[in-house]
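# Tertiary structure, described
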Amino acid sequence: MSASTHLLIVDDNPSMAKTTADILALKGYVVRISTSGQEALDILGQEKIHILLTDVIMPDMNGVELFVQARKRHPGLIAFLMTAYSADDIIRRGHLEGVKAILTKPLDLNLLLMLIQAVEQDYLRGVR
Amino acid sequence: MSEGAKILVVDDDPLIVTATRRALETAGYKTLPAANGAGALETARREKPDLILLDINMPDMDGFEVCRRLKTDPELADIGIIIISSTYTDGENQANGLDLGADGYIARPISNRELVARVQALLRLREAERMAHAQRLYLQAVLDSVNDAIFVDDADTGQIIDVNKRCCEMYGYTYEEMLRVSIGDLSQGQPPYSQAEALQWLNKTRQEGPQVFEWLAKRKDGSLFWVEVGAHFVVIGGENRFVVAVRNITERKRIQEALRVSEERRRLAMMVANDGLWDWDLTNNEVYYDPRYYLMAGYEVDEFPHRLEEFQQRVHPDDLAYVMAEAQKHLEGQSDHFEVEFRFRRKNGGYMWIRGKGQIVARDEQGRPLRFVGTHSDISAHKQVEEALHASEERHRLISELMSDYIYSGLIFPDGSVQTEWVSGAFEPITGYSLEEVNQLPGGFTSLLFPEDLEGILKRRPRDAMATEYRIRRKDGQVRWLRDYMRMAARGDDKTPSRMIGAVLDITEQKLAEQALRASEETYRNLFHNAQVGMFRTRIADGKMLESNEQLAHVFGYDSREEFIAEYVTSHNYVDPGTRERMLEQIRRDGHIQNFEARFYRKDRSIFWARYSARIYPEQGWIEGVAEDITERKRAEEALRHHTERQALLLEASEALATSLKLPDILQTLTETAARLLDVGSTAIYLLEQGQLCLGATTPPLPPDFPDELRCAPPADHPHLIQAIRTASIVVLPDTLTAELTPAERAISEMRGLRTVVYLPLVGGEGVLGALILGSTDAPRTFSEDELASGRTLASQAALAIQNARLYAELEARVEERTRELREAQEKLVRQERLAVLGQLAGSVGHELRNPLAVINNAVYYLGLVLAQADPKVQEYLRTIEREVRTADKIINDLLDFARIKSVEREAIPAAELVRRVLERYPAPQNVRVTLDLLPDLPPLWVDARQIEQVLGNLVLNAYQAMKDGGRLTVDGGQLIVEDQPRVWIAVKDTGVGIPPENMGKLFEPLFTTKTQGIGLGLAISKRLAEANGGRIEVQSEPGKGTAFTLTLPTTKEG
């Protein structure tokens, strides 16, 4: 898969970020991980990322803020939110900002893979 | 008297005569000559010489013969005789002369000087003897004339050595016998009147001086009599002597005793003066005066109204303030007793003396007196006697001070005038005159006598001794009664005065006492026969009626006292055995009884209450007293007592009723009180309850087999009771045996043994509540107005108490309901708060758990991918981890669901659709059959479909789990209206194990579970979801049979 899809996984829990990344890598995706919002923005500034999969509640900034900031420089960025919490107002804001999917932890990994495939088909065909 | 004495000289020798006369006349004597015996006797008779000198040897008759003749002539016997002899000088002649009574013997020759000396000595001796004799005679006369017995005792031996004549008469012994008897022989003999006490008295006399005391003396014939003894100790001629004067005071004693008895009788008669009863109601100043009260003061019964003012108007104005002040003091508790004496106006306008007594008999709750009850006794007679007695005592005292006897001697001249020669010391205190003064009065002492008394004395034939009684007027004008024992000492003739001596007793006191006795006896006789009270005298031995007045005969039902006295014996006629014995014991002990009450049979064997007071006269063997019929009073007292008891009982009952608010207790108290209050064997309370008459309580309690249909019955079964209730008045059924009764009434009256039945309606503020029923058992009886009034009072108290109890019960129920609501609200609040805390905790824990869970989940997924070819055992373990992660996630989701109900998003959705979805999602296990039975045309639900699906899903899953061994699941539904709103209900029923009752209340609590799986949030969430949707969940369960959950939900039709 040369024109592979690049994903950035952001979670302040490194194990969560790593295990998710390993699964996606095993499925053939190019995966970068980050454990903070700021680090994620740095990565986004340096590398091409198609899909941002981010935790919502994180110490330096929440997932929605991260998406909003990142999109300023990368308008086509696709974002999925992962949440263990029911932070309804943040999630609602995420919906409004254009987050494509909200996944609850523990992740339904089959659903995640389906969502990624759908994003690849609908959005990334021309982008890549 | 020796000087100038007359001496007769007798000798036949003239020379001796002449010589002797000269010698004697020289010595100063008068002489008379006689030459022979005959001349001597003649001269002696004529001249009464003091002394005769008698020659023995004379021619006509010798000197011895002359001497004999002289001594045997009473008129001459006193003349002294000296026999002179010249020839017969031997001793025999001398003795012969002296034997014949000669006083001396002279033998010649004798010198003239010696003769004169002998004559002088003899005359002196004779004079002394004469004086002594006269004195002895005088003393004897005095002693004999004194009314007292006089003893002279040897103080050292106790021997009686002399007594006077009166003493012999008094004791019935001769003088000689008197000198042989002892003091003990003359006494009654028993202490305190035996010889020992007598000697004590004498001893006292010897040591302390004269003593006066009363003594019970004994005559020779054994009879007894009272004396007053005055004892003196004197030394006479070196000898120790007691001189004892004894006066017979039997008469005085008798009169005193008679007077005392007579006074007592009078007092007895007055004692029964009937008391009037009064009863003062302090709340309105009404005073009840009983009939006697009116009669006592001479009014007709009820002549004046029963008001306090009526009493006050009749009290003497001078006494009113005192009487009312005493009453006030008592009512204010400042005095323990109320007793006043005052004057009260009789109908005839005169005043009578009243003694009033009273006491408070009722008080209100604050202790203020309500009723003041007492008696008024007529003490007028008592007052008068008291005054008279007072005066008489004063008189008695004065008299005793003055009284003392005196002795006198006096001369009565032929013209009747009296000259008193001598009087003893008490004369002046008695008469007020001295001896000189009395003799200066014309007529002397006799002028003091009342003329009629003097006349009476003069008419009597004078005797040597006589006793007379007469009145004198004292110098100060007072009248005195005197008894005079007079004795003629020397009788005069037409020219010479008679001499008399006497002893005079002042008997004024005795006379007055006799008069008083006569008056008193007269009064007593009048009282006895005219008294309005019965008077009697009965024999102690057997109670035989000895004397009675007409009044008493009538009381005992006899027409005449003669018949009564002839027939009546009280010992046969006491109704109550032992009463007479009790009375006798008391009267023997105290000497009298007062206000003794006993029941007697009348002539016709009817019974009445008598009250009597009496005194015992053991020596006469009888009892005397007064009696009255107090049957009426007893009845009135009994009625009053019953009334008072009933009042007390009512008070007690009302207190008991006031302290209880429990209807069963109150009803029980009421029936018990009613039974005691009116002394009936059976009582009951029926209450009107929902158109039925129901027994509330009974006394005695109902037997267990008492039929239920009699406990509660339609009104038609109890027409008498209903009549009392309808008319709100008392209905009396005189006798069940003769009355027309319904079968129910008949059954009850036979079971309870009722005869007379009284129905008292219980009239409360909101109409008649029921009735209180009183039944006499065994025999019919009548109920007095007073009793019915008491019953009515109790019934009205009962009605009030029942109303209060019902009101209380209602209030209690309301309070209970309100309390329950409050408790529920509070519990809900607590639960919600707890749930809120739990929710927060569950939320944060849940979220935090999701993170590690997510990592585990990822890790397992990864391992599944990379180990696809791995050992099947590894594969199985990976699946196990995966499954358990899912379970953990489900639990966390439940927790989060519970912690945060998501907002309700309503939509209209048919119930059938929801049920279908649920049954699709949770298909039934193999062993469970499902029955669906929802009514068609149910209005659509207006709910959050997902939430209600979750609820129904929970219920269905629970049902499956309750039927592990199979069963049937039924889901049905219908429509109902709750609070005017149409609702749809859906019930999920299983035939499972059911829920134990102890778990029902905790069923919807969070974290309550009986399952091994899950944490017990399912039903709690279901309930919260149902409530969030405006619905509710209820549960019914029976262990072993199954459980039904019913979900009620709002519909689109809701307004």
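Residues numbered from 1 in each chain as written. Chains lettered and ligands numbered in written order. Predicted model: local features only at pLDDT ≥ 70, side-chain atom pairs only at ≥ 80, totals over all residues. Heavy atoms only, no water.

### As for the overall build of chain A
Here is the rule: Only DSSP runs of H or I with at least four residues qualify as helices, and only runs of E with at least two residues qualify as strands; both kinds are numbered from the N terminus onward. Think of it in three bands: residues with accessible area under 20% of the maximum for their type are buried, residues over 50% are exposed, and the middle band is partly exposed, with areas taken using a 1.4 Å probe on protein chains only. Two residues form a contact once any of their heavy atoms are found within 4.5 Å. Note on areas: Shrake-Rupley, 1.4 Å probe, and residue coverage restricted to the protein chains presented here.
Scanning chain A from N- to C-terminus turns up five helices and five strands. The order of helices and strands in chain A, counted from the N terminus, is β-α-β-α-β-α-β-α-β-α. Looking at chain A as a whole, 50% of its 128 residues are labelled buried. Contacts in chain A between residues at least 24 apart in sequence constitute 65% of all its contacts with a sequence separation of at least 6. Roughly 5900 Å² of accessible area belongs to chain A as shown, and the carbon and sulfur atoms make up 50% of that amount.

### Examining the pairing of strand β17 (residues 418-423) of chain B
Residues and elements named next belong to chain B. Note the cut-off: Strands are labelled as partners when DSSP assigns at least two bridges between them.
Looking at chain direction, strand β16 (residues 406-412) and β17 are connected through five bridges and run antiparallel. Bridge assignment links serine 409 to a residue of β17, and that residue is tryptophan 422. Hairpin connection from β16 to β17: five residues lie between these consecutive antiparallel strands, with glycine 416 at a positive phi of about 95°.

### Some points on a nonpolar patch on the surface
What counts here: What makes a patch is a set of residues exposed beyond 30% relative accessible area and free of salt bridges, joined within 9 Å when like-charged and within 5 Å when nonpolar (Val, Leu, Ile, Met, Phe, Trp, Tyr). In what follows, salt bridge is the name for a side-chain nitrogen of Lys or Arg lying within 4 Å of a carboxyl oxygen of Asp or Glu.
Judged by side-chain polarity, Leu26(A), Leu863(B) and Val866(B) come together as a nonpolar surface patch covering roughly 210 Å² of accessible area. By secondary structure assignment, the location of Leu26(A) is in helix α1 (residues 14-26). Owing to a relative accessible area of 41%, Leu26(A) belongs among the partly exposed residues under this scheme.

### Notes on the interface of chain A and chain B
As a measure of interface size, the accessible area lost when the parts come together is often cited. To keep things clear, this is the line we draw: In short, buried area is how much 1.4 Å probe accessible area vanishes from two parts on joining, totalled over both.
Each partner contributes residues to the interface: chain A has 19 residues there, and chain B has 17 residues. Approximately 1700 Å² of surface area, both sides summed, lies buried where chain A meets chain B, with 60% of it carried by carbon and sulfur atoms. For the chain A face of the interface with chain B, the top three residues by lost area are Leu26(A), Tyr85(A) and Pro106(A), together amounting to 31%. At the boundary of chain A and chain B, one finds zero salt bridges.

### Thoughts on the pairing of strand β26 (residues 682-689) of chain B
Residues and elements named next belong to chain B. Counting buried residues in β26 gives six out of eight residues, a clear majority hidden from the surface. With six bridges connecting them, β26 and strand β31 (residues 767-777) associate as antiparallel partners. Residue pairing in the sheet places alanine 684 in a bridge with isoleucine 773 of β31. Connecting β26 to the antiparallel partner strand β27 (residues 692-699) that follows it, the hairpin turn spans two residues, and glutamine 690 within it adopts a positive phi of roughly 50°.

### Observations regarding the sheet that holds strand β1 (residues 6-10) of chain B
All names here are of chain B. Which entries qualify depends on this criterion: As a rule, the C-alpha atoms of each element are fitted with a line to give its axis, helices using only the stretch in contact, and angles between N-to-C directions run from 0 to 180 degrees.
On the basis of which strands lie adjacent, the open sheet formed by five strands has the order β2-β1-β3-β4-β5 and parallel pairing. Edge positions in the sheet fall to β2 (30-34) and β5 (104-107), since each has one partner strand and no second. The average undirected angle you get between the axes of adjacent strands in this sheet is 20°. Two elements, strand β4 (residues 80-85) and β5, share four bridges in a ladder whose sense is parallel. Across the sheet, serine 85 pairs through a bridge with alanine 107, a residue of β5. Relative to β2, helix α1 (residues 14-26) is tilted by about 170°, and along the sheet it contacts β1, β2 and β3 (51-55).

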